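Overview (structure and organization)
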Amino acid sequence: MYNKPKGTRDVLPDQSYKWQYIECVAREVAALYGISEIRTPTFEYTELFRRGVGETTDVVNKEMYTFEDKGGRSITLKPEGTAGAVRLFVENGLESCPMPVKTYYITSAFRYERPQAGRLRELHQFGVEIFGAQSPETDAEAISAASAFIERLKIKDVRLEINSIGCKTCRAEYNAALKRYFRPHLDKLCANCRTRYETNPLRLLDCKEEDCKRIAAEAPSILDYLCDDCKTHFAAVKQLLDEEGINYVVNPRIVRGLDYYTKTVFEFVSSAIGAQGAVCGGGRYDGLVSEIGGAPTPAIGFAAGLDRLLLLMEATGVEIPPRGVTQIYFAGMDAESRKKAFSLACGLRKHGIRAECDLMERSLKSQMKYADKTGAKFVAVIGGDELAKGETNIKNMADGTSSAVKFGEIYKYLSTRL
Ligand code: HAM
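Residues numbered from 1 in each chain as written. Predicted model: local features only at pLDDT ≥ 70, side-chain atom pairs only at ≥ 80, totals over all residues. Heavy atoms only, no water.

Regarding the overall build of the chain
- Helix and strand counts for the chain come out as 15 helices and 16 strands.
- For 418 residues, the compact-globule estimate of 2.2 N^0.38 gives 22 Å, and the C-alpha radius of gyration of the chain, at 28 Å, exceeds that figure by more than 25%.
- Taken along its principal axes, the extent of the C-alpha atoms in the chain is 90 × 50 × 45 Å.
- Counting only residues that meet the buried cut, the chain has 49% of its 418 residues in that class.
- Within the chain, contacts between residues at least 6 apart in sequence are counted, and of these 70% link residues at least 24 apart.
- Accessible surface computed for the chain: about 21000 Å², of which carbon and sulfur atoms make up 50%.
- Computing the positive centroid from 58 side-chain charges and the negative centroid from 56, the chain places the two 4 Å apart. (Helix = DSSP H or I, 4+ residues; strand = E, 2+ residues; numbered from the N terminus. Rg over C-alpha atoms; globule rule 2.2 N^0.38 Å. Buried < 20%, exposed > 50% of the residue type's maximum accessible area, 1.4 Å probe, protein only. Contact = heavy atoms within 4.5 Å. Areas by Shrake-Rupley, 256 points an atom, 1.4 Å probe, with all protein chains shown as cover. Lys, Arg positive; Asp, Glu negative; His and termini not counted. Charge placed at Lys NZ, Arg CZ, Asp CG, Glu CD.)

Quick notes on helix α5 (residues 136–152)
- For α5, built from 17 residues, the straight-helix expectation of 24 Å at 1.5 Å per residue is met to within 8% by its first-to-last C-alpha distance of 24 Å.
- Most of α5 sits inside the fold, with twelve of its 17 residues counted as buried.
- Regarding α5, the residues found buried are Thr-138, Asp-139, Ala-140, Ala-142, Ile-143, Ser-144, Ala-145, Ala-146, Ser-147, Ala-148, Phe-149 and Ile-150.
- Following α5 by one or two positions, Lys-154 adopts a phi angle in the positive range, close to 65°. (Expected span 1.5 Å × (residues − 1).)

Looking at the side chain of Ser-147
- Its place among the elements puts Ser-147 in helix α5.
- Other than its neighbours up to four places away in sequence, Ser-147 contacts Ile-246 and Phe-268.

Concerning the nonpolar core
- With 50 residues, the main nonpolar core has Val-53, Val-86, Phe-131 and Phe-182 as its most contacted residues.
- The biggest single contributor to this core is helix α4 (residues 82–91), with six residues.
- In this view, Val-53 contacts Leu-48, Val-59, Val-60, Glu-80, Ala-83, Leu-258, Asp-259 and Tyr-260; residues no more than four positions away in its chain are not counted.
- By size, the runner-up hydrophobic cluster in this structure holds 46 residues, among which are Tyr-17, Ile-35, Ala-142 and Val-279. (Core = buried A, V, L, I, M, F, W, Y, C linked by side-chain atoms within 4.5 Å.)

Focus on the environment of Leu-88
- Tracing the backbone shows Leu-88 in helix α4.
- The exposure class of Leu-88 is buried, given its relative accessible area of 12%.
- When residues no more than four places from it in sequence are discounted, the contact partners of Leu-88 are Ile-38, Arg-39, Thr-40 and Leu-94.

Side note on the pairing of strand β7 (residues 158–164)
- Most of β7 is tucked away, with five of its seven residues classed as buried.
- Pairing of β7 with strand β8 (residues 249–250) involves two bridges; the strand directions are parallel. By the bridge assignment for β8, Glu-161 is matched with Val-249. (Pairing = 2+ DSSP bridges.)

A short note on the layout of surface pockets
- Estimates place the volume of the second largest pocket at around 740 Å³.
- Among the elements of the structure, α2 (46–53), α6 (168–182), β9 (262–270) and α10 (288–291) are those that each provide at least two residues to the lining of the second largest pocket.
- Each residue belonging to the lining of the second largest pocket can be placed in one class, and the counts come to ten nonpolar, ten polar and twelve charged. (1 Å grid on protein atoms, 1.4 Å probe; cavity = no way out; pocket = protein on both sides within 12 Å on 5 of 7 lines; lining within 4 Å. Points joined across faces, edges and corners; volume = space filled by probe spheres on them. Nonpolar A, V, L, I, M, F, W, Y, C, P; charged D, E, K, R; others polar.)

These figures capture arrangement, not role.
Structural data, given as structure tokens:
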């Protein structure tokens, strides 16, 4: 017996409709916002993530699935979707398309994290990346798309938190202020934070260790260090969200776990699924396209964690529309009848009716049991008599009534009753 690797999941036949539903809603929302699908490889050259996601992040430092392929190249399973989307944008010359270029993806991502509820090693994301637009309306549109996705799933109890982490100019000043603040506390910080102090002071605000959290609570706020341009941009984004009735709280502690962000960052958080409450995260990344070889291009995006959203929907009793069940099941009494049952099912499928018949050469009793399990709405038994008369009794499983229907008229009969 083999087991699936730790931190991965199987989707069973009676659960897959939930995934199809979430993905379908994601595609609907993308269509509403004029966003087109892209697909990038499951693996990329490691260098892309080192450059794109950032050397100082946990994702790159500790969590990547990296290996050498048989040609001696360093390959990494994508830990997120943004870096690959940016590479696709640059490599395929989308820079010369009319802007903005709006893209989305539904993908697995791989992170070697300690698995727990809502934290997987193979996770699933619906991500959106919008290239080429720097207006505050773009930030508001990205946030609005994420919010529409969550709303359309009928998920409540999710809080939108936003922040601005500024641009290169104001960040440099803020980093210096953070260092000034943390310097006297260095000996009380965890080893990770002591490294962060040197490499990426912003990440000092994101430590989960209690002692570090306590010290970070009093740290200066980025919002007091924003340059005029970043301040104006953030104010305009907030105003647009206010005008659209999208509720949010400003949380100056959101710094995000990936290095590419500039200006607006945001997270949708729930308290109903335990410690891993972030169901969606994103932000602006105006420096990333040029960082990986493209022309300077502003960009913004988000990724919603589908595993966590599903967990949240199940935890809070959000109804997921049931999967399409079998509409008619044909049982066959003997070899000849089974052939007829097969042919009737094939014929109805051509008309778009979800039809099934026996494939197991089972007794009538077992066939009826199976039909019941599939939830079939109608059941028809074919035997010698039916073959002779060219008709069968179609039983409505909901109310137990049945009617004799000619083989050639089954579609007409069902089409008014399904
Ligand atoms: P992220 O915050 O790392 O951002 O991930 C986005 C979402 O993926 C999280 O909010 C969470 O719901 C889900 N997620 C992350 N890690 C796990 C895990 N181990 N298990 C289950 N779910 C997880 C990004 O990935 C950015 N690329 C988002 C983005 C797109 N920013 C701009 N564009």
